[in-house]
Amino acid sequence: MEEQKDGAKRGGGTVRSLNLPIGFRFRPTDEELLAHYLSRKIFSMPLPALIIPEILDIFDSFPSDLPGDLREKRYFFSKANGDINSKGCSRLISGKDCSGYWKAVGQGQLIVVPISGSAISDQQQQRLLLGMKKALRFYQATRSGYLTTRWIMHQYSLVTISPSDQNVNMMQVGDWSIFRIYQKKLLISKNVRTKSNGFAEQCKIKTNTRKRLFNEVLKDKEVLI
C-alpha cells in the first residue's frame, strides 16, 4: 500500500494500483463504494482491500497524468473539494501539455438503500441515506476557448441531513471523498453505421463479381504448364 500511495502522490506515469488476480476487475457499485470503502476510510476502519490509492489534491493534476490504467475506471481517495465557484467550475489546473478545469454536471444524486428487516410494503419501505454522487466534466483550454473533453469524474461523499428552523441542510461527513475518473466512450450515430455497412456490402459485391468474371475467363482459355 505504501508503494501505491507514493506513486499516487507523485502523479506521474502509470502505477499499478490494483492488486487483483489476472482476469479480475474492480467494479464496485455506488452503494459498495460508500458503505464498504468511504465510510470505513472516514472512521479509520479496516478496508476490504487496499485497492484505492490516496491523492492529496486530485484537482491539481490533469486527468491523464493521474496514476493507473487510462483504459479503466480509476478510483482515488482525496480530501480535495476543487474550490468550485458559483458557476460550478473548479480552479484552473495544468497538465503536461495543456490546462483546463472541471465543471459540475447536474445537481448531484442521492445514494439511498432500503432498510432490511422491515415488515412494511416495498412502496412504504424506509430508505437509508448513504451519501451523494456528483458528476463533473473536464474542459480543456485551446486558443479559441475551452473544448469539452470525454473525461468524466464522479465524486462520492458521505452526507447527513441536518434540519434547521427554516429548511433541511445537507452536510458532508468527514474530509475524505472517493473520486472515479474515466473517459466517456465515443458514440457512433446510426447514419454513420448505416453508411459504413453499405460501403462494406458494395465492396463485397464488387469483389465477388471480379472473382466470378476471372474464373469464367480461365474456363474459356487453355492454360499452358
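Computed from a predicted model, the values in this text were never measured in an experiment.

**Side note on the overall build of the protein chain**
When helices and strands are counted, the protein chain shows 3 helices and 7 strands. Reading the protein chain from its N terminus to its C terminus gives the helix and strand order α-α-β-β-β-β-β-β-β-α. Each of the 225 residues in the protein chain was classed as buried or not, and the buried ones make up 32%. With an accessible surface of roughly 15900 Å², the protein chain has 51% of that area assigned to carbon and sulfur atoms.

**A closer look at the nonpolar core**
Leu 34, Tyr 37, Leu 38, Ile 52, Phe 77 and Ile 178 are the most contacted members of the largest nonpolar core, which totals 17 residues. Sort the elements by how many residues they give to this core and helix H2 (residues 30–42) lands first, with 5 residues. If sequence neighbours within four positions are ignored, Ile 178 has contacts with Leu 33, Tyr 37, Leu 38, Ile 52, Tyr 75, Phe 76, Phe 77, His 154, Gln 155 and Tyr 156. In this structure, Phe 59, Ala 80, Leu 136 and Phe 179 belong to the second largest nonpolar core, which totals 15 residues.

**Here's the deal with the packing of aromatic side chains**
A complete count under the given rule lists 8 aromatic pairs for this structure. On the numbers, 5.6 Å between centres and 80 degrees between planes, the contact of Phe 26 with Tyr 37 is edge-to-face. One end of the pair, Phe 26, is in the loop between helix H1 (2–10) and H2; the other, Tyr 37, is in helix H2, and 11 residues separate them in sequence. Taking relative accessible area as the criterion, Phe 26 reaches 12% and is therefore assigned buried. Ring geometry for Tyr 101 and Tyr 139: centres 5.5 Å apart, planes at 10 degrees, overall stacked. Of this pair, Tyr 101 sits in strand S3 (residues 99–114) while Tyr 139 sits in strand S4 (residues 127–141), placing them 38 residues apart in sequence.

**Some words on the pattern of salt bridges**
Scanning the model with the defined rule gives 8 salt bridges in all. Note that Glu 72 and Arg 25 form a salt bridge whose closest N and O atoms lie 3.4 Å from each other. Of this pair, Glu 72 sits in the loop between H2 and strand S1 (74–78) while Arg 25 sits in the loop between H1 and H2; the two residues are 47 residues apart in sequence, bridging distant segments of the chain. Accessibility expressed as a relative area gives 30% for Glu 72, which makes it partly exposed. Since its relative accessible area comes to 48%, Arg 25 is described here as partly exposed. A salt bridge links Lys 41 to Glu 54; the shortest N-O distance between them is 2.4 Å. With Lys 41 in helix H2 and Glu 54 in the loop between H2 and S1, the pair connects residues that are 13 residues apart, well separated along the chain. Pair check on accessibility: Lys 41 and Glu 54 agree, each one buried.

**Quick word on the pairing of S3**
Direction of pairing for strand S2 (residues 93–94) relative to S3: antiparallel, over a ladder of 2 bridges. Bridging across to S3, Ser 94 finds its partner in Ser 99. Turn length for the S2-S3 hairpin, with the two strands adjacent in sequence and antiparallel, is 4 residues.

**Describing the side chain of Thr 149**
Along the chain, Thr 149 falls in strand S5 (residues 146–163). Classification of Thr 149 by relative accessible area gives buried; the value is 11%. Within the structure, Thr 149 has its side chain in polar contact with the backbone oxygen of Phe 138 (distance 2.5 Å). Not counting the four nearest positions on each side in its chain, Thr 149 is found in contact with Arg 137, Phe 138, Tyr 139 and Gln 140.

**Observations concerning unusual backbone geometry**
Within the chain, Ser 44 stands out as a residue other than glycine whose phi angle is a positive 55 degrees. Of note, Asp 83 is a non-glycine position whose phi angle comes to about 50 degrees, a positive value. Along the chain, Asp 83 falls in the loop between S1 and S2. Accessibility expressed as a relative area gives 48% for Asp 83, which makes it partly exposed.

**Focus: the confidence of the model for the protein chain**
Residues of the protein chain with pLDDT of at least 70 account for 67%, and the chain-wide mean is 77. Counting contacts from residues 205–212, a segment whose pLDDT is below 50, to residues more than four positions away or on other chains yields 0 contacts. pLDDT under 50 marks residues 221–225. Its contacts with residues more than four places away, or in other chains, come to 0 contacts.

Scoring rules and cut-offs
Residues numbered from 1 in each chain as written. Predicted model: local features only at pLDDT ≥ 70, side-chain atom pairs only at ≥ 80, totals over all residues. Heavy atoms only, no water. Helix = DSSP H or I, 4+ residues; strand = E, 2+ residues; numbered from the N terminus. Buried < 20%, exposed > 50% of the residue type's maximum accessible area, 1.4 Å probe, protein only. Areas by Shrake-Rupley, 256 points an atom, 1.4 Å probe, with all protein chains shown as cover. Core = buried A, V, L, I, M, F, W, Y, C linked by side-chain atoms within 4.5 Å. Contact = heavy atoms within 4.5 Å. Phe/Tyr/Trp six-rings, centres within 6.5 Å; stacked < 30°, edge-to-face > 60°. Salt bridge = Lys/Arg side-chain N within 4 Å of Asp/Glu carboxyl O. Pairing = 2+ DSSP bridges. Polar contact = N/O pair within 3.5 Å; in protein donor to acceptor, adjacent residues only side chain to side chain. pLDDT = per-residue confidence, 0-100.

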